[in-house]
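# Overview (structure and organization)
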Amino acid sequence: MTPAASESTNRRTENSSAAPASAREKRFDWPLCYEAEQFILDQIGAFLTRNTFAADLAERMRNETGTLLIDWVDHLVLSADAEAALRSTGFTDDPLGETPDSSRTTLWHPEAMLPRVLLDRTLRNAAHPRALAIHVESLSDFMGAHGIATEPQGEPLTRFRHIIVSDENEARFEVIERRGYRGYMPETAKDPDGILKAHDLWKTRQRVFVDDPEGFRQTHALVGRMLALVGRDLACHIIFAEERAFWERRNRAAQIQRRRQDKLGLGWANHDHHTFRCSRAHFVDVMRILDRLGFERRERYYAGAQAGWGAQISEQPVEGIVTFCDVDLEPDETEIDFSRQGLPPAKTLGTIGLWVGLHGESFLDAGMHHLECRFDHNLLRDQLAGEGIGTMKPFSDFPFLKQAFTEGEHWPVRHERAERLWRAGLIDEKQYNQFRDAGAIGSHLENLQRKGGFKGFNQKAVSVIIQATDPRTLGHGA
């Protein structure tokens with residue numbers, strides 16, 4: 001695959017399910033930005049030579065969690081002298097990176113997955129970053145894990161909180177926590193009760209319904225309540241935090257890796273994308289939910305006749321969450337916008353439709369198929385093996401993109417689901433008995449490593465892993 005330049009994504013829009021498809025939705029190649037990445041890596045390296053706490057933490061991240069510091073970095077603070085070099089590698093002004101005053105300018109790379117940079121115009125000729133900040137899920141968890149008693153700037157449950165952990169040799173190491181916000185300005189608490197209520201609403205929502213259309217009707221209504229309570233971006237933050245927690249409770253690999261990351265107080269802030277498997281009947285319902293939460297459509301895959309599936313990738317620009325929503329497709333449906341146009345019932349089930357039939361809709365009772373996080377790919381594989389967690393053969397193995405699933409988590413299949421598929425002629429009697437008695441693979445943790453700031457996916461590779469995880473080909477319900 002040869003990544004090609006994509007359109008810039010430095011805009012914030014309100015999507016509508018009725019809106020026409022944009023050109024960028026039909027693309028799936030992103031550029032390789034090795035020069036920009038190397039500039040950032042050099043800056044991180046220079047910082048680590050001056051701040052021992054950060055250097056020690058980076059080493060512990062590798063040894064204890066299989067992760068790389070760059071994948072936790074929220075931003076660097078550089079002197080204004082770095083501006084020309086940054087802009088020459090593709091960095092540009094961040095439209096959502098508000099700062100307290102005009103002495104700082106926020107830059108980001110819209111076509112690469114790289115940390116942001118704050119240019120401090122009061123600094124000159126700095127040979128190293130003045131500050132480096134990592135992003136964790138919970139600031140208090142990080143502080144507890146490292147015995148830090150500093151009072152954070154920013155009140156609990158607000159949009160932006162941070163602490164200075166260590167300031168050595170003019171190299172300040174900070175840790176931050178975000179909630180539906182991409183800027184750098186703390187705020188006073190607005191409605192903590194509303195935030196807690198929103199968490200409770202989504203955590204305790206009804207997921208199992210006799211009738212899926214009624215399930216999506218109630219879910220849409222609940223999204224409306226969340227939006228009224230806390231607004232769009234914060235609702236997105238809360239919903240996906242709770243979706244990760246629901247998935248984690250049903251996946252042993254996730255529980256083990258979360259424990260490893262929580263030992264350092266990091267949480268799941270290294271998430272890359274969240275994958276939801278959807279039925280043909282309700283794919284547009286899922287997209288409407290994402291639209292309401294502020295997601296913007298990115299590339300759309302049409303694997304079609306070759307692999308029998310399609311996927312819509314979407315990104316919430318403020319919260320930084322990426323979703324990968326997939327669905328069965330017929331060979332003659334490769335040119336339609338299935339993210340906006342409803343699909344008719346199919347006579348057969350592909351891998352995705354079968355998974356939904358056995359376990360339920362990802363946005364209802366099943367939860368996510370997998371969460372993908374960024375790691376040192378080979379290192380995590382070996383470390384998880386030491387924890388008794390196997391890893392499947394990589395389905396992407398490029399210099400700029402490595403992807404592999406952990407061995408699947410086995411879920412029981414409710415008898416009524418298996419019987420419904422059998423009665424409809426969508427599985428045969430042998431498969432019915434197999435799924436009813438032995439269950440089927442439900443979820444994975446995905447081990448991914450990106451280089452060159454590569455932001456995309458590999459369509460052919462995803463087709464391979466979708467076919468490889470079809471329970472009809474694995475035997476014994478696997």
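First, a word on scope: everything that follows refers to the structure included in this document.

With that settled, consider unusual backbone geometry. For Leu-157, which is not a glycine, the phi torsion comes out positive at approximately 70 degrees. Exposure remark for Leu-157: the relative accessible area of 23% places this residue in the partly exposed category. Positive phi outside glycine occurs at Glu-170, with the angle close to 60 degrees. Residue placement: Glu-170 occurs in the loop between strand E6 (160-168) and strand E7 (171-178).

A separate point is the environment of Thr-219. Along the chain, Thr-219 falls in helix H6 (residues 212-230). Taking the relative accessible area as the measure of exposure, Thr-219 reaches 2% and is therefore buried. Distance from Thr-219 to Arg-207, taken between C-alpha atoms, is 8.6 Å for residues 12 residues apart in sequence.

Moving on to the packing of H6 against helix H9 (residues 283-292). Two elements in contact, H6 and H9, have axes separated by 11 Å at closest approach and are oriented at 0 degrees. Relative to H9, H6 is oriented roughly parallel. Seen from H6, the contacting residues are Phe-216, Thr-219, His-220, Val-223, Gly-224 and Leu-227; seen from H9, they are Asp-285, Val-286, Arg-288, Ile-289 and Arg-292. Taken together, the residues of the contact of H6 with H9 break down into five nonpolar, three polar and three charged.

This brings us to the packing of aromatic side chains. Here the structure, examined in full by the defined rule, presents 17 aromatic pairs. Between Phe-160 and Tyr-181 the ring centres are 6.4 Å apart and the planes differ by 65 degrees, which places this aromatic pair in the edge-to-face class. Placement of Phe-160 in strand E6 and of Tyr-181 in the loop between E7 and helix H5 (192-203) is noted, with a sequence separation of 21 residues between them. Owing to a relative accessible area of 3%, Phe-160 belongs among the buried residues under this scheme. Between the aromatic rings of Phe-160 and Tyr-184, the centroid separation amounts to 6.1 Å while the plane-to-plane angle is 75 degrees, which identifies the pairing as edge-to-face. Of this pair, Phe-160 sits in strand E6 while Tyr-184 sits in the loop between E7 and H5; the two residues are 24 residues apart in sequence, bridging distant segments of the chain. Note on Tyr-184: relative accessible area 7%, which makes it buried. Through a chain of ring-to-ring contacts, the aromatic side chains of Phe-240, Phe-276, Phe-295 and Phe-363 assemble into a single cluster. In this structure, Arg-182 packs its charged tip against the face of Trp-108, placed 4.5 Å from the ring centre.

The residue Arg-161 is located in strand E6 in this model. Given a relative accessible area of 10%, Arg-161 falls into the buried group. Looking at Arg-161, its side chain comes within polar contact range of the main-chain oxygen of Gly-154, at 3.0 Å. If near-sequence neighbours (up to four positions away) are discounted, Arg-161 is found in contact with Leu-139, Pro-152, Gln-153, Gly-154, Glu-155, Pro-156, Val-175, Ile-176 and Glu-177.

Let's shift gears to the pattern of salt bridges. Under the criterion given, the structure shown has 43 salt bridges. Note that Glu-83 is salt-bridged to Arg-121, the shortest N-O span being 3.1 Å. Here Glu-83, found in helix H3 (residues 83-88), pairs with Arg-121, found in the loop between strand E4 (116-120) and strand E5 (131-135); they are 38 residues apart in sequence, far enough to count as distant. For Arg-436, the salt bridge identified is with Asp-437, shortest N-O distance 2.9 Å.

Side-chain direction in a regular strand flips from residue to residue, so the side chains alternate between the two faces of the sheet. Among the 11 residues that make up strand E16 (residues 440-450), 11 are buried, leaving the element largely enclosed by the rest of the structure. One ladder, built from five bridges, connects strand E14 (residues 401-405) with E16; its direction is antiparallel. Within E16, the position partnered with Ala-404 by the bridge is Asn-447. In terms of strand pairing, strand E15 (residues 409-411) meets E16 through three bridges, oriented antiparallel. Each bridged residue has a counterpart across the sheet, and for His-410 the counterpart in E16 is Ile-441.

Burial in helix H15 (residues 429-438) covers these residues: Gln-431, Tyr-432, Gln-434 and Phe-435. Down the axis of H15, the buried side of the element spans an arc of 165 degrees, and every buried residue falls inside it. Opposite its buried face, H15 presents the exposed residues Lys-430 and Asp-437, each directed more than 90 degrees away. In this structure Asp-428 caps H15, since a side-chain oxygen of it lies 3.2 Å from the backbone nitrogen of Lys-430. Positive backbone phi, approximately 75 degrees, marks Gly-439, located one or two places after H15.

So, on to helix H8 (residues 252-262). If you check which residues of H8 are buried, you get Ala-253, Ala-254, Ile-256, Gln-257, Arg-258, Arg-260 and Gln-261. Tucked inside the fold, the buried residues of H8 contact helix H2 (52-65), helix H7 (232-248), helix H13 (377-386), E15 and E16. Taking the backbone nitrogen of Ala-253 as reference, a side-chain oxygen 3.1 Å away marks Asn-251 as the first, capping residue of H8.

With that out of the way, let us pick up the sheet that holds E4. A sheet is described by the order of its strands in space; here seven strands give the open sequence E2-E3-E4-E1-E5-E7-E6, paired in mixed fashion. Unpaired on one side and paired on the other, strand E2 (92-93) and E6 mark the two borders of the sheet. Pairing of E5 with E7, which is carried by five bridges, proceeds in the parallel orientation. The residue of E7 that forms the bridge with Ala-133 is Glu-174. With respect to the sheet, H2 is in contact with E5, E6 and E7, its orientation differing from that of E6 by roughly 110 degrees.

Analysis parameters
Residues numbered from 1 in each chain as written. Predicted model: local features only at pLDDT ≥ 70, side-chain atom pairs only at ≥ 80, totals over all residues. Heavy atoms only, no water. Buried < 20%, exposed > 50% of the residue type's maximum accessible area, 1.4 Å probe, protein only. Helix = DSSP H or I, 4+ residues; strand = E, 2+ residues; numbered from the N terminus. Axes fitted to C-alpha atoms, helices over the stretch in contact; angles between N-to-C directions. Parallel < 35°, antiparallel > 145°, perpendicular 65-115°, else oblique. Contact = heavy atoms within 4.5 Å. Nonpolar A, V, L, I, M, F, W, Y, C, P; charged D, E, K, R; others polar. Phe/Tyr/Trp six-rings, centres within 6.5 Å; stacked < 30°, edge-to-face > 60°. Lys NZ or Arg CZ within 6 Å of the ring centre and 35° of its normal. Polar contact = N/O pair within 3.5 Å; in protein donor to acceptor, adjacent residues only side chain to side chain. Salt bridge = Lys/Arg side-chain N within 4 Å of Asp/Glu carboxyl O. Pairing = 2+ DSSP bridges. Arc of directions from axis to C-beta.

Distances and angles like these do not, on their own, reveal function.
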